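# Secondary and tertiary structure notes
Residues per chain are reported as follows:
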Amino acid sequence: MSWLDTILQGILLGGLYALFAAGLALVFGIMRLVNLAHGDLIVLAAFLILLLVSALGLNPFIAAAVALPVMFALGWALQFLVLNRTLGNDILPPLLVTFGLSVVIQNGLLEGFSADSRRISAGALETASLQIGPISIGTMPLLTFLSAVGVIVALNLVFYRTSLGRAFRATSDDSATAGLMGIRAERIFATATGLAMMVVTIAALYLGTRANFDPTMGPARLIYAFEAVIIGGLGSFWGTLAGGIIIGVAQTVGAAINPEWQILAGHIAFLLVLLVRPRGLFPRAVD
Amino acid sequence: MSDHLSASSWTVSTRTRGSAVSMLAILALVALAFAAPLFVSRSVVQDLFFILTMLVLAQCWNLLAGYAGLVSVGQQAFVGFGAYAMFAGVSLLGMDPMAAILLGGLAALALSVPTAFFVFRLQGAYFAIGTWVIAEIVRLSLAQWKALGGGTGTSLPSGATRDMVGVRFVADLLGVRGPQATDIVCYWLALFLAVVTIGSIYKLLRSKQGLGLAAVRDNREAARSVGVDPTWTKSFVYLVAALATGLAGALIYVQKARISPDAAFSVPDWTAYVIFIVVIGGIGTIEGPIVGVIVFYILQSLLADYGSWYLLILGLIGILIMLFAPRGLWGLFADRTGLQLFPVRRILAGQPKPKDIRGSD
C-alpha cells in the first residue's frame, strides 16, 4: 500500500508544480516571453502573504485574497513599464532583464527578510487529513491539487470563452493585425502578466503554508515550473498539470528509494521525456 | 562581366588604422601583467588572478550568447565539473595539480557532448533554462560522490599545491615562500589561459567559421542557404566554451584548494557575475568583457561590505544597461570614437582598375 500512497502524494505534489507552471505557460503562450524571475516572484508573493498574516493577523487564505490585486498591479506595471521594452525578435534582452530581476528580487528579499527560512501558519489545516480506506490524504495537498485544477479550468475559460481571451489569442497570433482591430498589445501583455501574477500568488499561498521557504529558493521553483511546461508541451494548460504530476511522482518515488534522490529523480524524468518527446506530451504551440 | 574584374584588385581585411597600435599596446600590457608578481604584493596577485579567471569565464559566455546566440544560464556546470575532475585527479589519482587542470578541462569538454545533445533540442529561451537544469543535475550527482566529500565537500591534500610543477622553481627564483609561489604560478596560468582564450576567440571570429557564426546569428535561414550549417557551428562553439570554462574552473579551485557542490556550482558566482560583466561591458564584442570585468572589480571593491546590496545593485545596473544601452559601456564608447581594439568587421578595400570595367563590352 505504501507505493500507492507514495504515488498519490506525488500526484498531489504535482498540483503545486502545475500552479508554479501555469503562470509561466500563460506568459509564454501569449508573448513568447520566458520570465527567469518567475520563481523569485512566487517567493516574493509568499513573503507578501507572510507579511499580511503576521502584521494584520489575517488568515492566510484571506491574506492571499488581499495579495491577489497587489500582485496583479505589480505584474501589470512590471510588464507595461519594463518587460514590454524588451520584446522583439532578439531573445537576449528579455532573458537578461528577467535574469537581472531575479537577482534583484532575491537579494532584496535577503536584505528585507534575512536568509532565515519562514513558514505561513495555516493552523489546524496543516495537520488535517482525510482517511479514504487505508490511505490518508493531507487536506492541504488536496486543496493545492484542487486549486491547480481550478486555476487551469479558469485560465481555459478566460482564454477560450471571454473577449479578453480572444484578445490574448489574437495578439499572440498576429499582434499587428490585432492592433488594426483596436487591440493595444502593450495593455494586453500587461494584463496577461498581471493575471500570471495572480496565479503566482495562489502558488505562493500553498508554497508558504506547506513547507518552509527562504529568499533563495526561487530559481529551483522556476526550474520545476519550466520542466512541467516542457513536459506538458508548450501552449497547453492541462499539459502543465500532466507535467507537474510527472515531476511530482518522480520526486516522491525517488525520495522513497533514497531521500537524497528526490530532486534528482524529477530532473531525470524531465530529461527522459525530452529524449522521447522533444516537443512535450501535448504540444499545441508551434515553437 | 565580373569575369573581367581582376579578383586580386580587391582585398578583404579586418585591419583598421587603430588596430596595429592597439595590438602593440595589448602586447605591452600582457608583458607588464607577466612581470607583475615581481613588484606587487601577494594580495594584488590574488586579485589579478580573480580578475583574469572571471575574464575567461566572461569571454566564454560572451562567445556563446553574444556571437552564437546561445544564452546559457548553466555554465556553472562546466566550472564545477572541471573543478571536481581536477580534485578527483589530485586527491584520488595522485596527479600533479597542473596535469589535473588539463584533466578538468577535458572532463568539461566530455560533459558538454551529452549536454549539447539535450539542450540543443530546446529553442531560444528554453535553451537557457535547459542548461540550468543540466547544471543542477551535475551538482546533485556530484553531491553523491562520497569520496570527494559528498554534499559538504572536501579540501585538496595538504601540500598538493605546494608540490605543483614549477612552484619550487618560482619560490627559489623569486625568493618567496611556498604558498605565495603557488599563487604566482596560478596567476601566470590564469594569464596564459586568458591570453589564449581571447586570442583563440579573436582568431575564430576572423576566420571563415567566425563569419558563418555571425551569419547564423543575424539570419539563420539566409546563412543555411549559402551553406553554413547552424547546428554544427553552434555545437562547435558550445564545446569550445565548455573546454575553456572547465579549465578556468579547475584553475580557480587549485587556488581555492577547497570545494563543495554548492560553491562549485554556484549560480551567482559563476553565472550571474559573468552575465553582468558581459552585459555591463558590452555583449557581442571582445572588448566588452574586458571593460566589464574592470567595472565589476571596482564595484566589488567598493561594495563588498554591503553583502546582498552588492548583487542587488549589480542586477539593477544590468537591467538598466540592457534596457537603455544594450551594447554596454564599450558599445557607448565605440559608437562615439569608432575605436576597435579587436576589429572583426571585414572591410572591402581596393577598387577595380578602369580598364577592367571597359573590358566588359
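Along each chain, residues carry numbers from 1 onward, in the same order as the chain's sequence is written. Naming scheme: in the order in which they are written, chains are lettered from A and ligands are numbered from 1. Residues qualify for local features only when their pLDDT is at least 70, as the model is predicted, and side-chain atom pairs are given and counted only at 80 or more; totals for whole chains, interfaces and linings, by contrast, use all residues. With hydrogens and water excluded, all non-hydrogen atoms of the structure serve as input to the side-chain values.

Only rings of Phe, Tyr and Trp enter the pairing, Trp through its six-membered ring, and a pair is recorded when the two centres are within 6.5 Å. The plane angle decides the type: under 30 degrees is stacked, over 60 is edge-to-face, the rest tilted. Inspection of the entire model under this criterion finds 28 aromatic pairs over all chains. Ring geometry for A:Trp76 versus A:Phe80: centroids 4.8 Å apart, planes at 20 degrees, classification stacked. Of this pair, A:Trp76 and A:Phe80 are both found in helix α3 (residues 60-82), four residues apart, which corresponds to roughly one turn of the helix. Among the residues examined, A:Trp76 registers a relative accessible area of 25% and is labelled partly exposed. Throughout this description, buried means an accessible area under 20% of the type-specific maximum (1.4 Å probe, protein chains only), exposed means over 50%, and partly exposed covers the range between. According to the relative accessible area criterion, A:Phe80 is partly exposed, its value standing at 29%. Relative to B:Tyr238, the ring of B:Phe78 has its centre 5.9 Å away and its plane inclined at 80 degrees; by these criteria the two rings are edge-to-face. Of this pair, B:Phe78 sits in helix α3 (residues 76-92) while B:Tyr238 sits in helix α10 (residues 230-256), and the two are 160 residues apart along the sequence. Here B:Phe78 falls in the buried class, since its relative accessible area comes to 1%. Every member of this aromatic cluster is reached through a ring pair, and the members are A:Phe28, A:Phe226, A:Phe270 and B:Tyr126. Strands here are runs of E lasting at least two residues and helices are runs of H or I lasting at least four, both read from the DSSP assignment and numbered beginning at the N terminus.

Our next topic: the confidence of the model for chain B. Residue and element names in this part refer to chain B. The pLDDT averaged across chain B works out to 87; a share of 94% of its residues lies at or above 70. pLDDT measures how confident the predictor is about each residue, on a scale from 0 to 100. Residue contacts are defined here by distance: any two heavy atoms, one from each residue, within 4.5 Å place the two residues in contact. Segment residues 357-361: pLDDT under 50, and five contacts once partners within four positions in sequence are set aside and those in other chains are kept. In the model output, the complex is listed with pTM 0.89 alongside ipTM 0.89.

Right, let's talk about unusual backbone geometry for a bit. Residue and element names in this part refer to chain A. Positive phi, close to 55 degrees, is recorded for Arg-32, a residue that is not glycine. One can find Arg-32 in the loop between α1 (2-31) and α2 (38-56). On the basis of relative accessible area, Arg-32 is assigned to the partly exposed category, the value being 34%. In this model, Ser-114 sits at a positive phi of 65 degrees, which is unusual for a non-glycine residue. Its place among the elements puts Ser-114 in the loop between α4 (92-113) and β1 (129-132). What makes Ser-114 partly exposed here is its relative accessible area of 28%.

Chain A puts 39 residues into the contact, and the matching count from chain B is 42 residues. When chain A packs against chain B, the two sides together hide about 3700 Å² of surface, and 83% of this comes from carbon and sulfur. The term buried area means the drop in 1.4 Å probe accessible area that two parts suffer when joined, counted for both and summed. It is A:Leu96, A:Phe99 and A:Phe226 that lose the most area in chain A upon contact with chain B, and together they represent 17% of the buried surface on that side. Should a side-chain nitrogen of Lys or Arg be within 4 Å of a carboxyl oxygen of Asp or Glu, the pair is scored as a salt bridge. Viewed at the interface, chain B and chain A are joined by one salt bridge. Polar contacts here mean pairs of N or O atoms no more than 3.5 Å apart (in protein, one a potential hydrogen donor and the other a potential acceptor; neighbouring residues in sequence count only if both atoms are side-chain atoms). Counting every contact that joins chain A to chain B gives six residue pairs in polar contact (both at pLDDT 80 or more). Those elements giving two or more residues to the side of chain A that touches chain B turn out to be α4, α9 (218-232) and α11 (262-276) of chain A. Ranked by residue count, the leading element in the side of chain A that touches chain B is α4(A), at 14 residues. Only Asp, Glu, Lys and Arg are considered charged, only Ala, Val, Leu, Ile, Met, Phe, Trp, Tyr, Cys and Pro nonpolar, and every remaining residue, Gly among them, polar. Grouping the amino acids of the side of chain A that touches chain B by side-chain chemistry returns 30 nonpolar, five polar and four charged.

Axis lines are fitted to C-alpha atoms, over the contacting stretch for helices. Their N-to-C directions set the angle, which ranges from 0 to 180 degrees. Contact geometry for α11(A) and helix α5 (residues 124-142) of chain B: axes closest at 10 Å, N-to-C directions at 140 degrees. By the criterion of interaxial angle, the relationship of α11(A) to α5(B) is oblique. You can see that α11(A) and α5(B) cross each other, and the crossing is left-handed. Residues A:Ile263, A:Leu264, A:His267, A:Phe270 and A:Leu271 of α11(A) touch α5(B), and the partners they reach there are B:Val133, B:Ile134, B:Glu136, B:Ile137, B:Leu140 and B:Ser141. Here the residues of the contact of α11(A) with α5(B) are counted per class, giving eight nonpolar, two polar and one charged. Here is the rule for angles: anything less than 35 degrees is roughly parallel, anything more than 145 is roughly antiparallel, 65 through 115 is roughly perpendicular, and the remaining ranges are oblique. Crossing handedness is defined as follows: a turn of the near helix away from the far one that is anticlockwise and smaller than a right angle gives a left-handed crossing, while the clockwise case is right-handed.

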